[in-house]
Amino acid sequence: MRARARNTTRALGRRVAHLNMLAAGAALALAGILLIVVQFIALRGALVDDLQVQARIVGSNSSAALLFQDRRAGAEILAGLAASPNVQSAAIYGPAGALLTSYQRLPASAVPAAAPPLPAPHHQFSARHVEVTEPVVANGARIGTVLIRATMAPLYERLASFTGFTLVVAAGSYALAWLLVARMRRAVQRAEDHLHYLAHVDPITALPNRNAFNDKLATALEHADRQETSVVLLLLDLDNFKVVNDTLGHNSGDALLQMVARRLTDTLRSTDVICRIGGDEFVVIVEPHEDETEPDAVARKILHALAAPFQLEHHLLYVSASIGVNVYPQYAHDEQALMRGADTAMYYAKNSGKNDYETFKPEMEQLARKRLKLEANLRRALERNELSLHYQPQIDVRSGRMTGLEVLTRWTCPELGPVSPAEFIPVAEESGVIVPLGRWVLQTACRQAAAWHRAGLLDEISHVAVNLSACQTRDSDLMADVNAILGETGLPPALLELEITEGVLMENVHANLALMQQIQTAGIHLSIDDFGTGYSSMAYLKRFPIDQLKIDRSFVNDVPGDGAAIATAIIAMAHSLNLKVVAEGVETEQQVRFLREAGCDVMQGYYFAKPMAPEVLERLLSERRQFLAA
Ligand SMILES: Nc1nc2c(ncn2[C@@H]2O[C@H](COP(=O)(O)O[C@H]3[C@@H](O)[C@H](n4cnc5c(=O)[nH]c(N)nc54)O[C@@H]3COP(=O)(O)O)[C@@H](O)[C@H]2O)c(=O)[nH]1
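Residues numbered from 1 in each chain as written. Predicted model: local features only at pLDDT ≥ 70, side-chain atom pairs only at ≥ 80, totals over all residues. Heavy atoms only, no water.

- Where an unreviewed UniProt entry is consulted, the protein appears under the name EAL domain-containing protein, with the organism given as Rugamonas fusca.
- The record in UniProt for the protein states the following under Catalytic activity (unreviewed entry): "3',3'-c-di-GMP + H2O = 5'-phosphoguanylyl(3'->5')guanosine + H(+)". (UniProt positions renumbered as here; feature names shortened; annotations may be inferred.)

Right, dumping it as structure tokens:
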């Protein structure tokens, strides 16, 4: 639609330029005509003046000839006019108007037989001639008349050459003006095109940008309405693109975006419209889709295309994407609804582990609304004192006794009931609530642990572990907060352990390495949570100032089956780096036996104890129970 409007504007611009040139041409023609008329009047005036001077000279020279009626002398005086090429004929008349003598350049140019009865100097024109009459006066009395008749031909000749010259100058000026206007229009056109390009093309990838996308989507929906077909919209968000930007710099980020754009263009059909609508967000418009499986096929094709690594300078980068798919008119009645649905579906794909696609279903919107409600309630949870902490024991395999505690947050919302941290922690992360929430957890846990420590209940406990979220690791005030809380509660730093998941650590290795060093310097223990899921390498692990690894629950769940090999490998690797290994989510005796034999140092799970309220744990701490045979 906008392209049509742009073409109409251009045509209008061309028409206005043509009209301007036409007006300029008319003005130039009018000016030329005026100039010629003025020139004609000026030339004619000069001719009359010239003839009048000559008539006066002839008159004053011929007064004697008139007094003595000397025709010969009169003829000699008139013969002098032969030198003036304009003069065709001339005559001298006596006081009564009778012809004294005359001069004729050609026989055809006869003079009147009698002088015109004119009292004063006079001139008159015809198309071909100009006639000047001059009285001859002697001693105050009129003694005769001189008449000179000249041809207008030389005047016309001069006027013709002046007109020719004026025409040439006018035509030249007009052509120059036309050229200048055309050049100006071309420059304006180029500037317009460039502005249009900037407004519609993403400068990094050269793909259509958000503006262009809006136009193209509107056109696609119009087309689908006319043809009674559908439009598939895929919204694609790169996973962990921020890590590339943060660790390798923005130039590398831009280069990666260009490579992704190229891969998408190479993979998809030429009829599919690919746009970049923001940071790491791309959209693909597919129309018309012929069969029900096409949206899935396109999404899978994109994921497959992005699966191969990207070679960026000396780095080999693995980039995945989360894709939300929506279909018009099945699940959306207009562009906004189509985009909103694709966004909701993309959000689902992201939350269900990334590197995947989800197709929008109406239920998703209900869930999105539920999530919004959850977020609104969560924002008030802290002020309303709805949060509490539970503690889960960690058992040392060698001594069989409780040597550690993990702090886990619990929330009972008055409107929604008990909400699992697996549900509200990600929402807290996305909404930023995690920072004050994390601070509250740290403060409450440290205060409680310090009280137990003062009561002598933590004699056998080496640490109380608190989880740190991704957002908290990025919070520049984190360490200041941690140190302030330790100072304020009096908990010895060595009794505190911070748990960071392997995935979060690997999101920004350099920044997290600096944070880990600060944690180590403060004398706080550091543990890598959910180990085995975050793709860290041995090279990184060697550099991390960590105390222990926690094998992810999913592997423990699979022992002694498929997870056995991984669990054994993690334990061996951790021991080679002098790190302790904690197995989390231990639920069965079989798992305990296997992990013990594999050399696991610490175990945590429902087999020993579920996370419990502080007053329950307090009793357990004072019992100093043996959980495992030593
Ligand atoms: N950043 C923060 N994250 C937190 C905080 N509190 C909790 N969490 C994280 O939320 C996730 C879910 O926690 P939760 O529902 O409390 O689940 C924990 C345990 O209850 C559960 N667990 C422990 N043993 C078993 C078991 O034997 N079986 C089984 N099915 N589940 C078990 O595991 C969760 C502890 O996991 P981890 O932290 O990885 O050790 C979870 O990711 C929490 O980390 C918080 O304050 N901040």
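### Here we look at the overall build of the protein
Part 1 of the argument: Counting secondary structure elements, the protein contains 21 helices and 21 strands.
Part 2 of the argument: Scored against the burial criterion, the 630 residues of the protein give a buried share of 46%.
Part 3 of the argument: Sequence-distant contacts, at least 24 apart, represent 66% of the contacts inside the protein between residues at least 6 apart.
Part 4 of the argument: Surface accessibility of the protein: about 31,400 Å² in total, with carbon and sulfur atoms responsible for 57%. (Helix = DSSP H or I, 4+ residues; strand = E, 2+ residues; numbered from the N terminus. Buried < 20%, exposed > 50% of the residue type's maximum accessible area, 1.4 Å probe, protein only. Contact = heavy atoms within 4.5 Å. Areas by Shrake-Rupley, 256 points an atom, 1.4 Å probe, with all protein chains shown as cover.)

### Observations regarding the site of the ligand
Part 1 of the argument: The full set close to the ligand counts 23 residues, and E406, T409, R553, E584 and E587 are the nearest of them.
Part 2 of the argument: At a separation of 2.5 Å, an oxygen atom of the ligand approaches a polar side-chain atom of T409.
Part 3 of the argument: At 2.8 Å from an oxygen atom of the ligand is found a main-chain nitrogen or oxygen belonging to Y606.
Part 4 of the argument: A total of 810 Å² of accessible area belongs to the ligand in isolation, and the protein chains cover 84% of it.
Part 5 of the argument: Among the secondary structure elements, those contributing two or more residues to the shell around the ligand are β14 (402-413), α11 (421-431), β16 (463-468) and β18 (525-531).
Part 6 of the argument: The element contributing the most residues to the shell around the ligand is β14, with four residues. (Near = heavy atom within 4 Å. Polar contact = N/O pair within 3.5 Å; in protein donor to acceptor, adjacent residues only side chain to side chain.)

### Brief notes about the packing of aromatic side chains
Part 1 of the argument: On inspection of all chains with the given rule, the structure shows seven aromatic pairs.
Part 2 of the argument: Consider the rings of Y174 and W178, whose centres lie 6.2 Å apart with planes at 45 degrees: the pair is tilted. With a gap of four residues between them, Y174 and W178 both fall in helix α4 (residues 153-200), about one helical turn apart.
Part 3 of the argument: Of the residues examined, Y174 reaches a relative accessible area of 25% and is grouped as partly exposed.
Part 4 of the argument: By relative accessible area, W178 is classed as partly exposed at 38%.
Part 5 of the argument: A ring pair is formed by Y607 and F608, whose centres lie 5.0 Å apart and whose planes are at 90 degrees; its orientation type is edge-to-face.
Part 6 of the argument: By relative accessible area, which is 33% here, Y607 ends up partly exposed.
Part 7 of the argument: For F608, a relative accessible area of 8% corresponds to the buried category.
Part 8 of the argument: Across from the ring centre of F310, 3.7 Å away, lies the NZ or CZ of R263, which sits over that ring. (Phe/Tyr/Trp six-rings, centres within 6.5 Å; stacked < 30°, edge-to-face > 60°. Lys NZ or Arg CZ within 6 Å of the ring centre and 35° of its normal.)

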